[in-house]
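Tertiary structure, described
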Amino acid sequence: MNPVKQLFGHLVSCKDVSHLLSRMQDKPLTPFERVKLRWHLGVCAMCVRLDEQMRFLHEAMRRYRE
């Protein structure tokens, strides 16, 4: 993996990313927040999995409400 990408990806903690992913379900993120999230998701498989799970749950709740 590119060391620069890895360095920038870990400037944001997994805890911060989980907050961003949660907030993203309710309202759009700022451009800077989206960049931080994208960089971190490029290097952290656990956060990628959390993103997938949250998207799945969001879609399931949307379908349930219909």
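How each quantity is defined
Residues numbered from 1 in each chain as written. Predicted model: local features only at pLDDT ≥ 70, side-chain atom pairs only at ≥ 80, totals over all residues. Heavy atoms only, no water. Buried < 20%, exposed > 50% of the residue type's maximum accessible area, 1.4 Å probe, protein only. Helix = DSSP H or I, 4+ residues; strand = E, 2+ residues; numbered from the N terminus. Arc of directions from axis to C-beta. Contact = heavy atoms within 4.5 Å.

Brief notes about helix H2 (residues 14–24)
For H2, the full list of buried residues reads Val17, Leu20 and Leu21. Viewed end-on, H2 has its buried residues packed into an arc of 100 degrees, placing them on one side of the element. At its buried positions, H2 is contacted by helix H3 (31–41) and helix H4 (45–65).

Topic: the environment of arginine 55
Here arginine 55 lies in helix H4. Along the chain, arginine 55 and leucine 21 lie 34 residues apart, while their C-alpha atoms are 9.1 Å from each other. Beyond its immediate sequence surroundings of up to four residues, arginine 55 is in contact with Met24 and Gln25.

Geometry only, nothing functional implied.
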